[in-house]
Amino acid sequence: MTPETYKAAIFRGVGHVDVVDLPFPECGDDEAIVRNVLTGICGSDIFAFQKHGPQSRIWIDEEFGHEAISEVVQLGKDVRGLKVGDRVFVNTDKAMRDPRRVSATGGFSNYLRIPQCEVGYSLLPIDADLPLRTAVLFEPFVIGIRGVKVLNPQPGDSAVVFGAGIIGMTSAIMLKWYGCEQVMVVDLSEYRLENARRLGFLTCNLSTEDLQEKAFAAFGRQRAYPSEKCGARLYVDAVGLGAVIDDFARIAPRNGSLSIVGVHKAPVALDLTAVSFNNWHIHGCGDGATEDFLPEILAMMRSGRFDLSSLVTHEFPIEQINEALALAGRADEAQKVCISFG
């Protein structure tokens with residue numbers, strides 16, 4: 001028996017989210033109704049809650065959230081390839097057939113109607129036996145895998161990841177998955193760096209340690225322009241601040257390769273002579289459809305090689321979403337914060 005209403009989080013502006021009751025949706029012949037079970041809070045959600053702006057692609061007076069792991073509760077007669085009870089990921093940029101909703105599919109609502117539902121496109125099947133706190137990291141791993149693949153990591157490579165937030169952590173994990181021998185995670189938050197160490201990564205806390213010294217000790221030294229650099233070839237900027245570009249320029253060797261995954265909101269300075277003489281390769285945040293990465297990410301999750309569930313540090317009910325969003329923005333207190341619908 002379906003409920004008459006469901007709980008939905010409505011974004012009202014900086015620091016203000018309302019939880020309201022909405023009518024339970026009707027399911028058309030080519031549609032599906034899913035119940036969100038656990039939804040991660042993304043950096044775009046935090047940015048909207050703290051500052052808001054068009055970069056977040058979250059809109060005032062609308063539902064939002066986009067990292068939902070869900071279960072199918074109703075199917076229209078024309079939908080094939082799914083059954084009631086299946087666990088799915090609501091595909092961020094496809095599910096609602098609306099580009100405005102790429103970061104606002106409605107993951108912070110208890111139920112969603114999926115129009116023109118197509119398995120493998122609108123909804124992506126997720127293993128039911130994966131721990132829920134592992135499965136909910138699927139979307140962050142899509143971002144991590146895109147940023148890493150452009151670097152073409154090879155077995156035996158070494159890498160430096162700037163940022164120990166969830167995107168930095170998923171990037172570091174994928175670098176290890178692809179065979180990198182050593183990966184160093186760089187941040188200011190000791191709380192998050194401790195999580196990185198627990199997962200087997202080298203770390204550097206910029207508030208107490210010298211990055212160049214640690215990089216030389218971990219990766220060795222190489223001749224480069226205009227002075228010696230470390231031996232790590234691959235770099236991921238999962239922060240989006242000019243200081244990261246400065247640090248890359250300090251330590252990246254000849255043929256070093258940088259993927260910029262963090263969103264820079266201000267211009268940065270970079271010595272193009274150093275880029276030229278060192279033959280540095282600088283990439284965007286990668287490309288590829290979410291659904292195309294599904295098999296690879298699920299294979300990594302199934303392997304059990306990494307304690308992924310430990311990255312989810314807090315769960316809140318939907319009624320406490322304002323508190324959850326505030327905590328998610330405090331790097332020294334939380335890693336991944338989620339909204340749980342029980």
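Our subject is the structure listed above.
Residues numbered from 1 in each chain as written. Predicted model: local features only at pLDDT ≥ 70, side-chain atom pairs only at ≥ 80, totals over all residues. Heavy atoms only, no water.

Caption draft 1: Geometry of the overall build of the protein. Of regular secondary structure, the protein possesses 10 helices and 18 strands. Looking at the protein residue by residue over its 342 residues, the buried ones come to 53%. Working note: accessible area of the protein is about 14,300 Å², and carbon and sulfur atoms make up 50% of it. Measuring between centres, the 33 positive side-chain charges of the protein sit 4 Å from its 44 negative side-chain charges. (Helix = DSSP H or I, 4+ residues; strand = E, 2+ residues; numbered from the N terminus. Buried < 20%, exposed > 50% of the residue type's maximum accessible area, 1.4 Å probe, protein only. Areas by Shrake-Rupley, 256 points an atom, 1.4 Å probe, with all protein chains shown as cover. Lys, Arg positive; Asp, Glu negative; His and termini not counted. Charge placed at Lys NZ, Arg CZ, Asp CG, Glu CD.)

Caption draft 2: Structural detail: the sheet that holds strand β14 (residues 234-237). Strands sit in the order β11-β10-β9-β14-β15-β16 across an open sheet of 6 strands; the sheet is parallel. What marks the edges here is a single partner per strand, and that holds for β11 (202-205) and β16 (281-283). Pairs of neighbouring strands in the sheet enclose a mean axial angle of 15 degrees, with direction left out of account. Pairing geometry for strand β9 (residues 158-162) and β14, over 4 bridges, is parallel. Bridge pairing links A159 to L234 in β14. In the packing of helix α5 (residues 190-198) onto the sheet, contacts are made with β10 (182-187) and β11, and the angle to β11 comes to roughly 165 degrees. (Pairing = 2+ DSSP bridges. Axes fitted to C-alpha atoms, helices over the stretch in contact; angles between N-to-C directions. Contact = heavy atoms within 4.5 Å.)

Caption draft 3: Expanded view of the packing of helix α6 (residues 211-219) against helix α7 (residues 242-251). Interhelical geometry of α6 versus α7 gives an angle of 45 degrees and a closest axis separation of 10 Å. One finds that α6 runs oblique with respect to α7. Every pair of crossing elements has a handedness; the one defined by α6 and α7 is right-handed. Each of L211, Q212 and A215 in α6 lies in contact with α7, whose residues at this interface are D247, R250 and I251. Considering only residue class, the contact of α6 with α7 consists of 3 nonpolar, 1 polar and 2 charged. (Parallel < 35°, antiparallel > 145°, perpendicular 65-115°, else oblique. Left-handed = near helix turned anticlockwise from the far one by under 90°. Nonpolar A, V, L, I, M, F, W, Y, C, P; charged D, E, K, R; others polar.)

Caption draft 4: Representation of the environment of H16 in the model. Here H16 is to be found in strand β2 (residues 16-23). A relative accessible area of 37% places H16 in the partly exposed class. Distance from H16 to V142, taken between C-alpha atoms, is 29 Å for residues 126 residues apart in sequence. At a separation of 3.0 Å, a polar atom in the side chain of H16 contacts the side chain of D18. (Polar contact = N/O pair within 3.5 Å; in protein donor to acceptor, adjacent residues only side chain to side chain.)

Caption draft 5: Inspection of α7 at higher detail. Of all the residues in α7, the buried ones are V244, I245, D247, F248 and I251. Buried residues in α7, looked at end-on, bunch into an arc of 160 degrees, giving them a common side. If you follow the buried residues of α7, they end up packed against β9, α6, β13 (229-230), β14 and β15 (257-260). (Arc of directions from axis to C-beta.)

Caption draft 6: Summary view of helix α10 (residues 321-328). Among all positions in α10, only I321, A324, L325, L327 and A328 are buried. Projected onto a plane normal to the axis of α10, the buried residues spread over an arc of 165 degrees and lie on a single side. Buried residues in α10 make contact with β1 (5-13), β2, α1 (43-50), α5, β17 (312-317) and β18 (336-340).

Caption draft 7: Structural view of the pattern of salt bridges. Tallied over the entire structure, the rule returns 25 salt bridges. Between D21 and K7 there is a salt bridge, and its shortest N-O distance comes to 3.0 Å. Placement of the pair is D21 in strand β2 and K7 in strand β1, with a sequence separation of 14 residues. For D21, a relative accessible area of 46% translates into the label partly exposed. The partner of R97 in a salt bridge is E118, with the nearest N and O atoms 3.7 Å apart. Pair noted here: R97 is in the loop between β6 (87-90) and β7 (111-114) and E118 is in the loop between β7 and β8 (123-125), with a separation of 21 residues, a long-range link. Members of the salt-bridge network, linked through shared partners, are R12, D18 and D61. (Salt bridge = Lys/Arg side-chain N within 4 Å of Asp/Glu carboxyl O.)

Caption draft 8: Looking closely at the state of the cysteines. Considering all chains together, one arrives at 0 disulfides under this definition. Distance from the sulfur of C117, which forms no disulfide, to the nearest cysteine sulfur (C27) is 8.4 Å. Given a relative accessible area of 10%, C117 falls into the buried group. Of all cysteine sulfurs, the one in C42 lies closest to C338, which takes part in no disulfide; the gap is 11 Å. Note on C338: relative accessible area 0%, which makes it buried. (Disulfide = S-S within 2.5 Å.)

Caption draft 9: Representation of the packing of α1 against α10 in the model. It is at 9 Å that the axes of α1 and α10 come closest, and there the two elements cross at 105 degrees. Taken as axis vectors, α1 and α10 run roughly perpendicular relative to one another. Between α1 and α10, the contacting residues are D45, I46 and F49 on the first element and N322, L325, A326 and A328 on the second. Of the residues belonging to the contact of α1 with α10, the class tally is 5 nonpolar, 1 polar and 1 charged.

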